[in-house]
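Coordinate inspection notes
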Amino acid sequence: MAFALEELSGIYPEEEIRAITLWLFEEFLEVERVDYQLNIDKGMSESELLKFNFAIKDLKKGKPIQHILGYTWFLDLKLQVNEHTLIPRPETEELVQYIISQEESNSALKILDIGTGSACIPLALEKAMPQNEYYGIDFKSEIIELAYKNSQAQNSNINLIQLDILKEELSGDYDVIISNPPYVLESEKKEMHKNVVDFEPESALYVKDSDPLLFYEKIILQAKKHLNINGRLYLEINERYGNELSELLNKHGFESIKILNDFRGRIRFCTAFLRQKKSSV
Ligand code: GLN
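Since the model is a prediction, treat every value here as computed from it, not as a measurement. (Residues numbered from 1 in each chain as written. Predicted model: local features only at pLDDT ≥ 70, side-chain atom pairs only at ≥ 80, totals over all residues. Heavy atoms only, no water.)

1. Quick word on the environment of Leu 248
Let me state the cut-off plainly: Strands are runs of DSSP state E lasting at least two residues, helices are runs of H or I lasting at least four, and both sets are numbered from the N terminus onward. Think of it in three bands: with a 1.4 Å probe and only protein chains considered, a residue is buried below 20% of the maximum accessible area for its type, exposed above 50%, and partly exposed in between. Contact criterion: two residues are considered in contact whenever any of their non-hydrogen atoms come within 4.5 Å of each other.
With respect to the secondary-structure elements, Leu 248 resides in helix α12 (residues 242–251). For Leu 248, a relative accessible area of 11% gives the class buried. Each C-alpha atom of the pair Leu 248 and Arg 18 lies 43 Å from the other, and the pair is 230 residues apart in sequence. Beyond its immediate sequence surroundings of up to four residues, Leu 248 is in contact with Glu 217 and Ile 220.

2. Points about the site of the ligand
Defined as follows: Here a residue is considered near a molecule or strand provided that any single heavy atom belonging to it is located within 4 Å of it. The definition of a polar contact used here is a pair of N or O atoms within 3.5 Å, where within protein one atom must be able to donate a hydrogen and the other to accept one, and adjacent residues in sequence count solely through side-chain atom pairs. Computed with a 1.4 Å probe, the accessible areas rest on the Shrake-Rupley method; for each residue, only the protein chains presented here act as cover.
Taken together, Leu 86, Arg 89, Glu 91, Asn 180, Pro 181, Pro 182, Tyr 183, Val 184, Met 192, Ala 204, Leu 205 and Glu 236 are the residues near the ligand. Residue Asn 180 places a side-chain N or O atom 2.7 Å away from a nitrogen atom belonging to the ligand. Expressed as a share of its isolated accessible area of 300 Å², the protein-covered part of the ligand is 88%.

3. Quick notes on the packing of aromatic side chains
Operational definition: Classification of ring pairs rests on two measures: the distance between centres of Phe, Tyr or Trp rings, Trp counted by its six-membered ring, which must be within 6.5 Å, and the angle between planes, read as stacked under 30 degrees, edge-to-face over 60 and tilted in between. Put simply, a charge is over a ring when the Lys NZ or the Arg CZ is close to the ring centre, within 6 Å, and near the line of the ring normal, within 35 degrees.
Within the structure shown, the criterion is met by 6 aromatic pairs. Their ring planes at 25° and their centres at 5.2 Å tell us that Phe 25 and Phe 52 sit as a pair that is stacked. Placement of Phe 25 in helix α2 (residues 14–29) and of Phe 52 in helix α4 (residues 46–60) is noted, with a sequence separation of 27 residues between them. Given a relative accessible area of 3%, Phe 25 falls into the buried group. Relative accessible area serves as the criterion here: at 4%, Phe 52 is assigned to the buried category. Relative to Tyr 234, the ring of Tyr 98 lies with its centre 6.2 Å away and its plane at 70°, an arrangement referred to as edge-to-face. Taken together, the residues Tyr 98 in helix α6 (residues 90–103) and Tyr 234 in strand β9 (residues 227–236) connect sequence positions 136 residues apart. We note that Tyr 98, like Tyr 234, is buried. In textbook terms, an aromatic cluster arises when at least three aromatic residues are bridged by ring pairs, as seen for Phe 3, Phe 25 and Phe 52. The ring of Tyr 174 carries the charged tip of Lys 110 above its face, separated from the ring centre by 5.2 Å. One Lys or Arg, Lys 189, reaches over the ring of Tyr 206 and ends 4.8 Å from the middle of that ring.

4. Brief notes about the sheet that holds strand β11 (residues 267–274)
Heads up, the condition is: Strands are labelled as partners when DSSP assigns at least two bridges between them. Fitted lines through C-alpha atoms give the axes, limited to the stretch in contact for helices. The angle between two N-to-C directions lies from 0 to 180 degrees.
Sheet architecture is open: 7 strands sit in the order β5-β4-β3-β6-β9-β11-β10, paired in mixed fashion. Edge strands, defined here as strands with exactly one partner in the open sheet, are β5 (159–162) and β10 (255–261). Shown here is a sheet whose adjacent strand axes are inclined to one another by a mean of 15°, direction ignored. As paired elements, β9 and β11 share 6 bridges and run antiparallel to each other. Among the inter-strand pairings, Tyr 234 is bridged to a residue of β11, identified as Thr 271. Across the sheet, helix α8 (residues 141–153) is in contact with β4 (133–138) and β5; its angle to β5 comes to roughly 170°. Across the sheet, helix α11 (residues 214–226) touches β3 (110–114), β6 (174–179), β9 and β11, and the angle it forms with β9 is around 160°.

5. Looking at the pairing of β5
Keep this limit in mind: Handedness of a crossover is defined as follows: with both strands directed away from the viewer, a clockwise route from the first strand across the helix to the second makes it right-handed.
Note: β4 against β5, 4 bridges, orientation parallel. Across the sheet, residue Asp 138 finds its bridge partner in β5, namely Gln 162. In this fold, the crossover linking β4 to β5 by way of α8 has right-handed handedness.

Any functional reading would require information that these geometric values do not contain.
Here it is, written out as structure tokens:
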């Protein structure tokens, strides 16, 4: 631990170094985190030490721990991640929990996730609400491949389709449409950590400052056509754009528009109903 703290200080805050190091111990020493904490002085074998040193080297370059290990946790799911997909964030876990709280009493819903990435959203929803039908789309074959691996590992029945929401029309009708599209402004990039900027896919994160709602506009237009009457839209959003999004949704005939905060107290989610279909808004 002391070695990791020394090597990585300045790159990550101390608390994060401790968490990352425990995760590495857990992985390489094949013991539970709790166990390790009890036997903190238990030595490492030579091969364990070697793996640990390689990992610290990668961490020093800013490589995310999830890319070093090849997986992350999303709620109680262990999911593969790679350079083609965003590492699922705790905010998105919150979004999933919120959707479950709103939808768990329903059944036989058709649920679509636009920009599914690792498929974390539909997989976690399916686990909690297996009574529904799930669809995940994303624009690149490498992403769909990874999403498929994750769905196989979970014995899941979700449907994964390669489709670019910016260029192509959705097919089918849904009761619920969800999306966590790219929403970080290019100008916000400089405030972000090296491990995000250097290692995570730009296409999953950033939008031009001149067109911050690009994805939301497309999603709303398609949701208008492809949501069933009384269908629900659940979006993760940039905290700066709560008002603009509410206005946009309102303009397009959505109702019961709600803006919700994340656990950090920042505006982060937006939900709305499509109570009726208006042909010409
Ligand atoms: N919340 C993510 C981040 O700050 C961004 C997710 C997104 O752009 N959809 O890194």
